[in-house]
Amino acid sequence: MNIKLTRRKFLHSASVAAASVPLARLARAENGLVKKPVTAPGSYAGTETRYGGVCEMCFWRCQLVGKVRNGRLIKLEGNPKSIENGKSICARGNAGIQLLYDPDRLKYPLKNVGERGAPKWKRISWEEALDETASRLKEIQKKYGPHAVALFPHGASAFYPLQYFEFTGTPNISEASFYQCRGVRDMAYMSTFGFAPGENVDMANAKAILLVGTHLGENVHVSHLKQYLKGLENGAKLIVLDPRFSAAASKAHIWVAIKPGTDTAFLQAVMKRLIDTGKYDKEFVAKSCLGFEELKESLAEATPEWAAKTCDVPKEQILQVADLLGANLPNVSIHPGRHTTWYGNDFQRLRAQACLTAILGAYGVPGGLIQPKGVKLGKASWGHGVFAEDCDLSTFWPFHPPGTPTEAIRETTLTGKPYPIKAWIAWGQNPIQTLPNQPETIAALKKVDFVMVTDIMPMDITMYADILLPGKSYLERYDYVKTGMQWNPADKPQQFVTARMPLVEPMFERRDSVWIVNELAKRMGYGDKIPVASIEEHVEIRLEPAGLSIAKLKEMEGIFIKEGTSPYAEAGQRAFEFSTDSEKVELYSEQIDDNEFSPVPTYIPTGEVPAGYARLVYGRSPVHSFSRTQNNTWLHHEMPENPVWLNDSVAAKQGLKDGDRVMLINQDGVKSRNSTILKVTPGIRADTVYLAHGYGAMNPELTVGKGQGIDDQGLITKFGIDPETGATGMRTNFVKVVKA
Ligand SMILES: Nc1nc2c(c(=O)[nH]1)N[C@H]1C(S)=C(S)[C@@H](COP(=O)(O)OP(=O)(O)OC[C@H]3O[C@@H](n4cnc5c(=O)[nH]c(N)nc54)[C@H](O)[C@@H]3O)O[C@H]1N2
Ligand SMILES: Nc1nc2c(c(=O)[nH]1)N[C@H]1C(S)=C(S)[C@@H](COP(=O)(O)OP(=O)(O)OC[C@H]3O[C@@H](n4cnc5c(=O)[nH]c(N)nc54)[C@H](O)[C@@H]3O)O[C@H]1N2
Ligand code: SF4
Ligand SMILES: [Mo]
């Protein structure tokens, strides 16, 4: 069998790919980007199947098996035993092999003997790397306090380091998954429902689904997409709010081409209509919600006329959306979203989504928001860090997610106020491409006394490291223990536990995070506090309460499955207790009011698009994960550049044609470093320009990905800070498209 054919077959068999890949192909074909296919090492005969793999090409962590021959991994597949992804994996999961064996990967500890940003690498031993890192960090901690060390973590490799640095006494830890992603959503739902929603909305059993942004099909998480597609197959009506004709919009019954930044107004008008027409869940509201009257009062002015004007959409669409949701309550999925740091007014929008969910009674019912339960696991961690209260920079944002808002750390680093921050550590995060305003990130990286990075690839962030440490990839290590459940009403609810196991031996001098951190801890004077001697021990402690061990899981082909309980309320029992202060869903929140923010969801306008510009918005390439996959030969081959989407009438006025090579210039005169291809389409609003995030890497050591496509981050010089949470809204920039 030829690997090319196999890969294509896989792309088609994965439910996700069905929705997403044709889009990528279309873009390539339209733009003449098809390159020679990658070929092909023979057949899979004589391979051994290894179980227990857990993907981390993105953070969904699909369960894998690996085909191994002569110690070499030659193919990845979904673990057939998985009750989440089953046999399906997406294009990125499939291409994990190309990451594993990427010749550009980090192999040895390195010391920068050149400049930050223009490094000259000297190979050093682990002894030297650890000694130097520990002594520099210790020196900084001693001179300026433990809070002078800042950490930028993301992903499974960073959990243990995060706990360790927190334990040493720094609050200055900023996770991309919170401050540039879902933290604002979690906090808005926490203050409404008392729990963080995850993406736990029962789309498979919904009668109607509302997606606000949330471009499913381009945003690819295998089991989540399976549920979504199942819902659509079962006849769920799909409503999509997106200024762009996204993959999801292409499947929608109602596509609302909303003006970016105005969704809160739309949601308010929908709630008003539902209340005015009596199409809300009166029983749920009466038994489980607090502040309905205040919410209702706050919506007095949210007329369809007002929202139509504000959102630049037909008034009829607002009524249609409300009526469709009302007709199907309570079995509706109001998707909580995931990447929700949009404009810096996002807490209020997500509160509106949460309140809409509540008045529709769409909780604990088929189709609604649910809280699936996994199996109880053990804890193995560094104890809680104690830090002086006056060094906590996060208190300014009363609803901030765990850690400290990125901007507070960066600003403090640059100004030295209220205290100096002297070391930056990145672990599984690429802040250059992840945080808005690259020049400030770079200035901070150049200002500090010491920069340490643990990564698996040479990336834009690694160019700024003084000491660069090579991690094992997710295919070479034990780590993350995952539990969850599957609740399709047709089947018995089931829970599962899996733990990541290596599918192959690591090569070169790559190490796992527990080893690295423990070696640092010994050298920094915390040797006697080390909680586990190895990553394997960490995993064993986590598994123990479930009656499991690594050995047992291996016998179970990597996954333990048991009967679970339904996440739905029992018939006739629709009064719930929530973990808010009032134990009710707080439509009106006293806690928010006490902190002097609007206690009912409120629309806060974002800046208007200046004449001659369009708003820059971004999203996912279905075949890439952020910047991390840009050097992957298979994925690069699928979508080597990120086309800029421009409205056809605007393009015509500017004399631009589909397929032109273009560059972008933002409102501050910043020009994109690279050019890319133009996609001219009626499928985007005239006031909006779109491109996929993650492209345009700068590191010359990335022999495939460097300089391919445009990085949105380079153009995001302005950003909003959500006043409740401190999260960074990044759709606040305006661009002109010019011929390259
Ligand atoms: N293939 C792939 N899949 C991924 C990832 C990946 O890297 N690659 N990353 C994963 C991660 S961590 C996350 S957080 C998610 C992110 O994916 P989502 O949570 O789906 O991200 P969003 O920002 O909600 O959705 C992007 C869409 O929002 C639209 N949009 C822009 N501005 C507005 C606006 O003001 N209003 C509305 N209604 N829509 C707007 C854009 O046109 C775009 O279609 O994807 C996940 N899935
Ligand atoms: N402009 C803009 N900014 C965004 C987004 C956007 O859409 N547009 N999306 C936001 C969202 S939703 C998110 S979740 C964040 C994502 O932010 P990041 O997590 O920073 O995303 P990546 O660019 O994938 O960077 C991950 C880094 O971890 C490294 N890495 C991967 N695996 C491992 C490992 O096993 N061990 C170690 N040590 N390192 C590893 C990669 O090589 C890479 O350098 O970005 C946010 N920022
Ligand atoms: S969705 Fe794709 S990339 Fe993400 S974990 Fe699953 S297979 Fe891997
Ligand atoms: Mo994210």
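Residues numbered from 1 in each chain as written. Chains lettered and ligands numbered in written order. Predicted model: local features only at pLDDT ≥ 70, side-chain atom pairs only at ≥ 80, totals over all residues. Heavy atoms only, no water.

Once that is clear, we can look at the overall build of the chain. A count of helices and strands for the chain gives 24 helices and 26 strands. Relative to the 2.2 N^0.38 estimate, which gives 27 Å for 740 residues, the radius of gyration of the chain is 25 Å and therefore close to what a compact globule would have. Counting all 740 residues of the chain, 64% fall into the buried class. Charged side chains of the chain number 87 positive and 81 negative; the gap between the two group centres comes to 7 Å. (Helix = DSSP H or I, 4+ residues; strand = E, 2+ residues; numbered from the N terminus. Rg over C-alpha atoms; globule rule 2.2 N^0.38 Å. Buried < 20%, exposed > 50% of the residue type's maximum accessible area, 1.4 Å probe, protein only. Lys, Arg positive; Asp, Glu negative; His and termini not counted. Charge placed at Lys NZ, Arg CZ, Asp CG, Glu CD.)

Attention now goes to the sheet that holds strand 12 (residues 423-427). Strand pairing in a sheet relies on backbone hydrogen bonds, with the paired strands running either antiparallel or parallel. Pairing is mixed in the open sheet, where six strands are placed in the order 5-4-14-13-12-6. Each edge of the open sheet is held by one strand with a lone partner, namely strand 5 (121-123) and strand 6 (149-153). The mean angle between the axes of side-by-side strands here comes to 20°, regardless of whether they run parallel or antiparallel. In this structure, strand 13 (residues 450-455) lies alongside strand 14 (residues 467-470), joined through four bridges in parallel fashion. Looking at the pairing, Asp-455 lines up with Pro-470 of strand 14. In this fold helix 6 (residues 159-167) packs onto strand 6 and strand 12, with an angle of close to 160° to the strand it touches most, strand 6. (Pairing = 2+ DSSP bridges. Axes fitted to C-alpha atoms, helices over the stretch in contact; angles between N-to-C directions. Contact = heavy atoms within 4.5 Å.)

Around ligand 2, 27 residues are found, and the nearest of them are His-154, Thr-434, Asp-455, Arg-477 and Ser-627. One of the side-chain nitrogen or oxygen atoms of His-693 is found 3.0 Å away from a nitrogen atom of ligand 2. The contact in question runs from a nitrogen atom of ligand 2 to an N or O atom on the side chain of Gln-713, over 2.8 Å. Expressed as a share of its isolated accessible area of 920 Å², the protein-covered part of ligand 2 is 97%. Secondary structure elements with two or more residues in the shell around ligand 2: helix 7 (176-193), strand 13 and helix 24 (712-715). Ranked by the residues each element gives to the shell around ligand 2, the list is headed by helix 7, at three residues. Tallied by class, residues from the shell around ligand 2 come to nine nonpolar, 12 polar and six charged. (Near = heavy atom within 4 Å. Polar contact = N/O pair within 3.5 Å; in protein donor to acceptor, adjacent residues only side chain to side chain. Areas by Shrake-Rupley, 256 points an atom, 1.4 Å probe, with all protein chains shown as cover. Nonpolar A, V, L, I, M, F, W, Y, C, P; charged D, E, K, R; others polar.)

Not every one of the 13 residues close to ligand 3 is listed here, only the nearest: Cys-55, Cys-58, Arg-61, Cys-62 and Cys-90. A breakdown of the residues in the shell around ligand 3 according to their chemical character gives nine nonpolar, two polar and two charged.

Take helix 17 (residues 438-447) next. For helix 17, the full list of buried residues reads Gln-438, Thr-441, Ile-442, Ala-444 and Leu-445. The buried residues of helix 17 occupy one face: seen down the axis, they fall within an arc of 160°. Of the residues in helix 17, the exposed ones pointing more than 90 degrees away from the buried face are Pro-439 and Lys-446. Tucked into the core, helix 17 has its buried residues touching helix 15 (406-415), strand 12, helix 16 (431-434), strand 13 and helix 24. (Arc of directions from axis to C-beta.)

With that out of the way, let us pick up the domain arrangement of the chain. For the chain, the domain assignment lists domain 1 (196-370 + 570-594) and domain 2 (614-739). Summarising the inter-unit geometry, the C-alpha centres of domain 1 and domain 2 are found 29 Å apart. Contact with domain 1, which involves 23 residues of that partner, is made by 26 residues of domain 2. When domain 1 packs against domain 2, the two sides together hide about 1900 Å² of surface, and 57% of this comes from carbon and sulfur. Our enumeration of links across domain 1 and domain 2 arrives at one salt bridge. The salt bridge involving Arg-685 is made with Asp-312; its shortest N-O contact spans 2.8 Å. For the pair domain 1 and domain 2, the number of links is 11 residue pairs in polar contact (both at pLDDT 80 or more). Within the side of domain 1 that touches domain 2, the residues separate by chemical class into 10 nonpolar, eight polar and five charged. (Domains from an automatic or database assignment. Buried area = accessible area lost by both parts, 1.4 Å probe. Salt bridge = Lys/Arg side-chain N within 4 Å of Asp/Glu carboxyl O.)

Summary statistics for the chain give a mean pLDDT of 93 and a share of 94% for residues scoring 70 or more. In this model residues 1-40 is a low-confidence stretch, pLDDT under 50, and it forms 85 contacts with partners more than four residues away in sequence or in other chains. (pLDDT = per-residue confidence, 0-100.)

Once that is clear, we can look at the pattern of salt bridges. Summed over all chains, the structure comprises 37 salt bridges. With a closest N to O distance of 2.9 Å, Arg-185 and Asp-186 form a salt bridge. Each member of the pair Arg-185 and Asp-186 is classed as buried. A salt bridge links Glu-199 to Arg-338; the shortest N-O distance between them is 2.8 Å. One end of the pair, Glu-199, is in the loop between helix 7 and strand 7 (208-212); the other, Arg-338, is in the loop between strand 11 (332-334) and helix 14 (346-359), and 139 residues separate them in sequence. Overall, Glu-199 belongs to the buried group, its relative accessible area being 8%.

Most of strand 8 (residues 237-241) is tucked away: four of the five residues are buried. Inspection of the sheet shows strand 7 paired to strand 8 by five bridges, in the parallel sense. Within strand 8, the residue paired with Leu-211 across the bridge is Val-240. Handedness of the crossover is the feature at issue here: the chain leaves strand 7, passes through helix 8 (residues 222-233), returns alongside strand 8, and the resulting connection is right-handed. Where strand 8 meets strand 9 (residues 254-256), three bridges bridge the pair, whose relative direction is parallel. (Right-handed = clockwise from strand over helix to strand, strands pointing away.)

Taken in spatial order, the three strands line up as 1-2-3 in an open sheet, and their pairing is antiparallel. The open sheet terminates on both sides in strands that have one partner only, identified here as strand 1 (48-54) and strand 3 (72-78). Averaged over all pairs of adjacent strands, the angle between their axes in this sheet comes to 30°, without regard to strand direction. Summarising the sheet, strand 1 and strand 2 (residues 63-69) pair through six bridges and their orientation is antiparallel. By the bridge assignment for strand 2, Arg-50 is matched with Gly-66.

Residues Asp-581, Glu-590, Asp-593, Asp-594 and Glu-596 make up a contiguous surface patch of negative charge. Among the structural elements, Glu-590 can be located in helix 21 (residues 590-594). Taking the relative accessible area as the measure of exposure, Glu-590 reaches 55% and is therefore exposed. (Patch = residues over 30% accessible without salt bridge, like charges linked within 9 Å, V, L, I, M, F, W, Y side chains within 5 Å.)

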